[in-house]
Amino acid sequence: EASGERVLLRKKVVEAGAWNDVQFEFESTGEPMILALKTESPSSNIAFWSNPILYGPRNQPFNILMILQDTLRADHLSAYGYFRPTSPRFDAYAKQGVLFERAYSNASKTRPSAASMMTGLYPTAVGVWNFHEMLDDRFITLAEVLRNQGFATAGFIGNPNAGPYAGVHQGFSLLVHQFAGRKQQSHERYLIRTIEDILSERLYDWLDEVKSRNFFLYIHLVDPHGVY
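Every residue gets a number counted from 1 within its own chain, in the order that chain's sequence is written. Local features in a predicted model are, by the rule used here, given only for residues with pLDDT of at least 70; side-chain atom pairs are given and counted only at 80 or more, and totals for whole chains, interfaces and linings are based on all residues. With hydrogens and water set aside, each side-chain value is computed from the structure's full complement of heavy atoms.

Topic: the packing of aromatic side chains
- Aromatic rings from Phe, Tyr and Trp, taking only the six-membered ring of Trp, are treated as a pair when their centres fall within 6.5 Å; an angle between ring planes under 30 degrees marks them as stacked, one over 60 as edge-to-face, and anything in between as tilted. Under the counting rule described, the total for this entry stands at five aromatic pairs.
- Ring geometry for Y82 against F83: centres 4.9 Å apart, planes inclined by 50 degrees, an arrangement best described as tilted.
- Three labels apply to residues, based on accessible area from a 1.4 Å probe with only protein chains included: buried if under 20% of the type maximum, exposed if over 50%, partly exposed otherwise in between. A relative accessible area of 17% means that Y82 is categorised as buried.
- Judged by centre distance (6.2 Å) and plane angle (15 degrees), the ring pair of F172 and Y218 falls under stacked. Here F172 is found in the loop between β2 (152-157) and β3 (174-177), whereas its partner Y218 is found in strand β5 (residues 215-221), with 46 residues between them in sequence.
- The class for F172 is buried, based on a relative accessible area of 6%.
- What links up through ring pairs into an aromatic cluster is the set F172, F216 and Y218.
- Whether a charge sits over a ring depends on NZ of Lys or CZ of Arg being within 6 Å of the ring centre and within 35 degrees of the ring normal. Above the face of the F131 ring, K109 is positioned so that its terminal group lies 5.2 Å from the ring centre. Only DSSP runs of H or I covering at least 4 residues are called helices, and only runs of E covering at least 2 are called strands; the numbering of each starts at the N terminus.

Quick look at the structure:
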């Protein structure tokens, strides 16, 4: 350590392709401070910082939970007038908030719809229409905006057209997803096997990890999806 310098944290990272959150405390002297980030690695590896975010204790809890139920018809929900009581829990929740009776998707397919939902732009603007097209990195997603504001961000995704293969993963510090017939990629920390995995093990572990932070949680369920 040089004069006037203090080491706040040293950490060895062994898991590649994943975000690493760390906490440390320091007392402000009221004078300007410079925070230096340094990396070291063996000659065979490359280590670098990717968009580090600094955040302090939250003044007021503000959490955002977005749940998308893929291919669930609104006209078969009792909250929207269906004659059978198909969605009692959804109905009870809708009574506590706002139920949009005329909400329309920007497309009839998941991939362009997900890109539009995460960017706030039409498919004509982002250029995502077909299953081989991906959201370009130059577009800013909701998860990126919130992460830059200090939110912890996580996506639990059951449809590949709303995940990394569609470019819609941008901004998520944790991404959990499953794609049938595909091998697990290096950037995938976890692989979802059933819908119970989304709603129990890893999800509750993550919520416990970020309980002291504001968070944005996106859950993309795909149970009703099938052959049309």
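The rest of the description comes next.
What about the nonpolar core?
- Throughout, nonpolar core names a set of buried Ala, Val, Leu, Ile, Met, Phe, Trp, Tyr and Cys residues whose side chains join them through atoms within 4.5 Å. Formed by 13 residues in total, the largest nonpolar core has its most connected members in M118, I157, A162, V168, F172, F216 and Y218.
- Listed by contribution, the elements that provide at least two residues to this core are α2 (110-119), α4 (142-148) and β5.
- By definition in these notes, contact holds between two residues if any of their heavy atoms fall within 4.5 Å. In contact with A162, other than residues within four places in its own chain, are T110, A114, I157, V168, Y218 and H220.
- Judged by nonpolar contacts, the second largest core, of twelve residues, contains A152, A154, V210 and L217.

Topic: the pairing of β5
- Judged by how many residues are buried, β5 sits mostly within the fold: seven of seven residues are covered.
- Judged by which residues are buried, β5 turns out to be covered on both faces: F215, L217, I219 and L221 on one side and F216, Y218 and H220 on the other are all buried.
- When DSSP finds two or more bridges between two strands, those strands count as paired. Across six bridges, the pairing between strand β1 (residues 64-69) and β5 is parallel. When the sheet's bridge partners are listed, I67 is paired in β5 with I219.

Comments concerning the pattern of salt bridges
- The term salt bridge refers to a side-chain nitrogen of Lys or Arg lying within 4 Å of a carboxyl oxygen of Asp or Glu. Within this structure, the stated rule accounts for four salt bridges.
- Across the pair D75 and R73 runs a salt bridge whose closest N-O atoms are separated by 2.8 Å.
- Judged by its relative accessible area of 41%, D75 falls in the partly exposed class.
- Across the pair E209 and R202 runs a salt bridge whose closest N-O atoms are separated by 3.5 Å.

Re the environment of V7
- Note on placement: V7 falls in the segment before β1.
- Assessed through its relative accessible area of 34%, V7 is described here as partly exposed.
- Once the C-alpha coordinates of V7 and L35 are considered, the two residues, 28 residues apart in sequence, prove to be 9.9 Å apart.

A short note on the confidence of the model for the protein
- Every residue carries a pLDDT, the predictor's confidence in it, which falls somewhere between 0 and 100. Per-chain confidence: the protein averages 82 in pLDDT, with 85% of residues scoring 70 or above.
- Below pLDDT 50 for its whole length, residues 183-191 participates in 23 contacts with residues either more than four positions away or in separate chains.

Quick look at the environment of H225
- Turning to its location among the elements, H225 is positioned in the segment after β5.
- Apart from the residues within four sequence positions on either side, H225 is in contact with D70, T71 and N159.

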